[in-house]
Amino acid sequence: MAPSLLLRYCGGMKSPVTDYLNELLERNRNHDGGERASYIPELARANPHRFGIAMTTVEGRTYSVGDDNIEFTLQSMSKPFAYAAALDMHGKEYMSERVGVEPSGEAFNELSIEEDSNRPDNPMINVGAIAVHGLLLEKDTPSQERIEYLREFFSRLAGRELTIDQDVFTSELETAERNFAMGHMLKGLSVFDGPAHGVVEGYIAQCAVKVNIRDLSVMGATLSNGGIQPHTREQVIEPLVARQVLSVMVSAGMYDASGTWFADVGIPAKSGVSGGILGVLPGQLGLGVFSPSLDAKGNSVRGIRVFKELSDRMGLHIMDTEAYSYHAVRAVRQVGDELIIELQGRLEFSNAEEILSQLEELEYNCTDVVIDLTRVSEANRVGRHMLLDGLHRLQEEGLQVSLLDPDNILKFKNSAQDDGIHYLRSQQK
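Source: prediction; values computed, not measured. The written sequence of each chain sets the order in which its residues are numbered from 1. Totals for whole chains, interfaces and linings use every residue, but because this is a predicted model, local features are given only for residues with pLDDT of at least 70 and side-chain atom pairs only at 80 or more, for both listing and counting. To get the side-chain values, take all heavy atoms of the structure and skip hydrogens and water.

## Digging into the nonpolar core
Nonpolar cores are built from buried Ala, Val, Leu, Ile, Met, Phe, Trp, Tyr and Cys residues. Side-chain atoms within 4.5 Å join them into one set. The buried label goes to any residue with under 20% of its type's maximum accessible area, the exposed label to any with over 50%, and the partly exposed label to all in between, with areas taken from a 1.4 Å probe on protein chains only. Judged by nonpolar contacts, the single largest core of 70 residues is most densely connected at F154 and L223. Leaving out residues up to four positions away in the same chain, F154 has contacts with L74, S78, F81, A82, L162, Q206, V209 and M219. V329, L339, I355 and I409 belong to the second largest nonpolar core, which has 57 residues in total. Pairs of residues are marked as contacts when any of their non-hydrogen atoms sit within 4.5 Å.

Listed below in structure tokens is the structure:
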């Protein structure tokens, strides 16, 4: 075998994560029930067939399928990020005095105000989000300056320059009577000091910022990563701010469906009536799904199905008792024509994705690959499946793959060979 081919074989494997997302996309493509957000004329005209899924790890690897470059407006998915900006600016104590963190149990557009304190129940419903917007910067800050501040802040989270959809902004302004009423009520209760009309206008503009699902997953990964943007490595917000935002997303991110969502899906999330759902798995990844048709509670029909499958099939429920670890690849060394990759810790989705990513990037002059699982303590179903999938792809590239697995972590059916992968009992020299 020629050396140039050996290099290509060791570096040519494609990670199967994109294939998993494609399968997920196709399984749910025909579930097209629900209606578009009719109360905003521009959103009512959205193409209901648009559908995309994206995932970004805290290390900055992004996988996306479907309509991953189609832009849509953040709408209520802007709320956790605006809350993060306000927390970063004023601190938790200041914000807690003005906006609560309790789930309202009501729809997103209800007038949910605490009787004793006059605080909005939480920053994920409209009345709370309007209050948060009004608390940004100084009380005499012009509306346009506050809008621009948030647009730039969202751009730092996404790692690229974001813009405002002027058509959606204008369209929503024309049907915003209820939001304007909330703004004037909050002003009357002295929740913020700025002019009510300008605050609500600014809130509508923040909702009209455009992203695609790749942006959404990157913004989610920034929250997941303790506020560090996974591509630029900028510390956009402090870790405690990210923790506070995620905590509120758990309890109130899906409005009056939040309890059911967390029990069934277990991924902190925030939906928007444009058809997007933002998901964040702390310490692991950010998720974005887009499909414009909504259920009765204003959440994407396909998006909900995708998140449920991600939770069930990939073991991403945050309350899953199977813990995860980092730095799954302990060492990589070459002995002659044999490349030895030592793994460690627990094998689950995030660690398996890290391993697959490193296998994809390796470029060594070798004919044989040995995967050493001696230091792997245990593996869940998803981790086993992903690793074996990756090893089979190495085989398809022409490599001899062997597995050093003395404790049978991958649960091979027999002790000699499984699907062409060589099984080793003894310690590697």
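## Overview of the pattern of salt bridges
Here, a salt bridge means any side-chain nitrogen of Lys or Arg that lies within 4 Å of a carboxyl oxygen of Asp or Glu. Taken as a whole, this structure holds 20 salt bridges when the rule is applied. For K210, the salt bridge identified is with E71, shortest N-O distance 3.7 Å. One end of the pair, K210, is in strand β4 (residues 210-211); the other, E71, is in the loop between β2 (62-66) and β3 (72-73), and 139 residues separate them in sequence. Across the salt bridge formed by D215 and R160, the nearest N and O atoms sit 2.6 Å from each other. A residue pair is termed long-range when its members are at least 10 positions apart, and D215 in helix α11 (residues 213-224) and R160 in the loop between α7 (143-158) and α8 (166-173) qualify at 55 residues. Residue classification places R160 among the partly exposed positions, given a relative accessible area of 31%. The structure contains a network of salt bridges with shared partners spanning E71, R160, K210 and D215. What counts as a helix is a DSSP run of H or I of at least four residues, what counts as a strand is a run of E of at least two, and both are numbered from the N terminus.

## Quick notes on the packing of helix α9 (residues 177-188) against helix α10 (residues 196-207)
What counts as an axis is a line fitted to C-alpha atoms, over the stretch in contact for a helix, and the angles between N-to-C directions run from 0 to 180 degrees. At a minimum axis distance of 9 Å, the contact between α9 and α10 shows a crossing angle of 130°. When the axes of α9 and α10 are compared, the pair comes out oblique. For the element pair α9 and α10, the recorded crossing hand is right-handed. Contact residues: α9 offers N179, F180, G183, H184 and K187, while α10 offers A196, H197, V200, E201 and Y203. Note on angle classes: values under 35 degrees are labelled roughly parallel, values over 145 roughly antiparallel, values of 65 to 115 roughly perpendicular, and the remainder oblique. Two helices that cross are described as forming a left-handed crossing if the nearer one is turned anticlockwise from the farther one by less than a right angle, and a right-handed crossing if clockwise.

## Some thoughts on the environment of L223
Following the sequence through the fold, L223 ends up in helix α11. Judged by relative accessible area, which is 1%, L223 ranks as buried. Sequence spacing of L223 and F81 is 142 residues, and the spatial spacing of their C-alpha atoms is 8.9 Å. Beyond its immediate chain neighbours, meaning those up to four positions away, L223 contacts F81, I237, A242, V245, L246, M249 and V280.

## Concerning empty space enclosed by the protein
For each structure, a 1 Å grid was placed over the protein atoms alone; sets of points admitting a 1.4 Å probe that cannot get out are labelled cavities, open sets with protein on both sides within 12 Å along at least five of seven lines are labelled pockets, and lining residues have an atom within 4 Å of a point. Grid points are joined across faces, edges and corners, and a volume is the space filled by probe spheres set on the points. Under the criterion given, the structure shown has 4 cavities of 30 Å³ or more. One number sums up the size of the largest cavity: a volume of about 90 Å³. Lining the largest cavity are 13 residues, and of these E59, Q284, S350, N351 and E353 lie nearest its centre. Take the lining of the largest cavity: its biggest share by element is 5 residues, from helix α15 (residues 349-361).

## Considerations on the environment of L25
Within the secondary structure layout, L25 lies in helix α2 (residues 17-28). Distance in space between the C-alpha atoms of L25 and F51 is 7.7 Å, their sequence separation being 26 residues. Among residues more than four places away in sequence, those in contact with L25 are F51, G52, I53, V65 and G66.

## Let's talk about the packing of aromatic side chains
Only centres within 6.5 Å qualify two rings of Phe, Tyr or Trp (six-membered ring in Trp) as a pair; their planes then separate them into stacked at under 30 degrees, edge-to-face at over 60, and tilted for everything else. All told, the structure shown has 4 aromatic pairs when counted by the stated rule. A ring pair is formed by F81 and F154, whose centres lie 6.2 Å apart and whose planes are at 65°; its orientation type is edge-to-face. Of the two residues, F81 is situated in helix α4 (residues 79-90) and F154 in helix α7; the sequence distance between them amounts to 73 residues. On the accessibility criterion, F154 (0% relative accessible area) is buried. Here the aromatic rings of W261 and F307 are separated by 5.4 Å at their centres, their planes lie at 55°, and the arrangement is tilted. Taken together, the residues span a long stretch of sequence, with W261 in helix α13 (residues 258-264) and F307 in helix α14 (residues 301-313) at a distance of 46 residues. Each member of the pair, W261 together with F307, is buried. An aromatic cluster of at least three residues, connected via ring pairs, comprises F81, F153 and F154.

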